[in-house]
Amino acid sequence: MKKLMVLSSVVCAMLCLCACGSSSKKLVMATNAAFPPYESVEGNEIIGIDPEIAKLIADDLGRELVIEDMAFDSVIAAVQTGKADIAMAGLTVTEDRKKNINFTDPYTEAAQVIVVKEGSEVTTPDDLEGKTIGVQIGTTGDIYAEDIKDATIERYSKFFEAINALSQDKIDAVIVDREPGKVFVSENEGLKMIDEEFTVEEYAIGVAKENTELLDQINASLKKLQESGKIDEIIGKYIKAE
Ligand code: GLN
């Protein structure tokens, strides 16, 4: 009987090792692929700055990159619950988010900007007072909009829905990240971006609090990729200097 128990615990341990081994081969990235040039869908593929950087990190860690596309406001929960190993979604580092996940070192700088219709009376961030502002739910733009005096916030599940509402005069402005904002303005006639940036931010990769080993590995990887110029190369491929 004793022998049997020992044997079964060995089998259990082996099964666990195999299971853990195979899942640790994958590096699951939670993202929202509606945020060009950081991530977007092209054909059957998710392309952009984040998947390209993530691929290099996965290669460096000897793991296979698997991308899970989901709503932006689910990416942090996906990491917290272990559904994904990393959240990489043009994800801005904020003190509030740090309560729920750890962030790697930042891999790029970013900003929130204001997109309006050409000819709009909104020409500076202060002009947003009392206006109807479109945001993507759960983004830093959403958080900042809450501080604007007398503003009405319209929350959309995707940025392009906010942009469509703006084109149709349903809202007065959209607060969005700078580079996606540029893409949306270039793809939609009659829109423009206000020169003055709303806030300056940094993007980093989110990792579960308890997964400090992965956090350290990714930071080491990011450092190498930064030093070799690979990150700049990828960013330069998608964002042309003005
Ligand atoms: N940078 C913004 C944030 O982290 C928006 C990111 C996104 O919509 N993918 O909240």
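Residues numbered from 1 in each chain as written. Predicted model: local features only at pLDDT ≥ 70, side-chain atom pairs only at ≥ 80, totals over all residues. Heavy atoms only, no water.

Undergrad: Whenever I open this one, the site of the ligand confuses me. Can you help?
TA: Residues in close proximity to the ligand total 13 residues, the closest being Ala89, Gly90, Thr92, Arg97 and Asp177. Measuring from a nitrogen atom of the ligand, one finds a backbone N or O atom of glycine 90 at 2.7 Å. Glutamine 136 has a polar side-chain atom sitting 2.8 Å from an oxygen atom of the ligand. Computed on the free molecule, the ligand has an accessible area of 300 Å², of which 100% lies beneath the protein chains in the complex. More than half of the atoms of the ligand fall within 2 Å of the grid points belonging to the largest cavity. Within the shell around the ligand, the residues separate by chemical class into 6 nonpolar, 5 polar and 2 charged. (Near = heavy atom within 4 Å. Polar contact = N/O pair within 3.5 Å; in protein donor to acceptor, adjacent residues only side chain to side chain. Areas by Shrake-Rupley, 256 points an atom, 1.4 Å probe, with all protein chains shown as cover. 1 Å grid on protein atoms, 1.4 Å probe; cavity = no way out; pocket = protein on both sides within 12 Å on 5 of 7 lines; lining within 4 Å. Sits in = over half its atoms within 2 Å of the grid points. Nonpolar A, V, L, I, M, F, W, Y, C, P; charged D, E, K, R; others polar.)

Undergrad: Help me out: how do you make sense of empty space enclosed by the protein in this one?
TA: Picture a little ball the size of a water molecule; that probe, rolled over the atoms, points out where space is still empty. Under the counting rule described, the total for this entry stands at 1 cavity of 30 Å³ or more. Of the voids in this model, the largest cavity is the one considered here, and its volume is about 80 Å³. If you trace the largest cavity, you find it lined by Asn32, Phe35, Phe72, Ala89, Gly90, Thr92, Arg97, Gln112, Gln136, Thr139, Thr140 and Asp177. Tallied by class, residues from the lining of the largest cavity come to 3 nonpolar, 7 polar and 2 charged. (Points joined across faces, edges and corners; volume = space filled by probe spheres on them.)

Undergrad: Hey, could you run me through the confidence of the model for the protein in this one?
TA: Residues shown with low pLDDT carry predicted positions that ought not to be read at fine detail. Looking at the protein, the pLDDT average stands at 92 and 90% of residues meet or exceed 70. Contacts for the low-pLDDT stretch residues 4-23, under 50 throughout, to residues beyond four places or in other chains number 1 contact. (pLDDT = per-residue confidence, 0-100. Contact = heavy atoms within 4.5 Å.)

Undergrad: When you look at the sheet that holds strand β2 (residues 34-35) in this model, what are you seeing that I'm missing?
TA: Within a sheet, neighbouring strands are paired by backbone hydrogen bonds and run either parallel or antiparallel to one another. In spatial order, the strands read β2-β3-β4; together these 3 strands make up an open sheet with antiparallel pairing. The open sheet has two edge strands with one neighbour each: β2 and β4 (45-47). Here 2 bridges tie β2 to strand β3 (residues 39-42), and the two strands are oriented antiparallel to one another. Bridging from a neighbouring strand, phenylalanine 35 pairs with glutamate 39 of β3. (Pairing = 2+ DSSP bridges. Helix = DSSP H or I, 4+ residues; strand = E, 2+ residues; numbered from the N terminus.)

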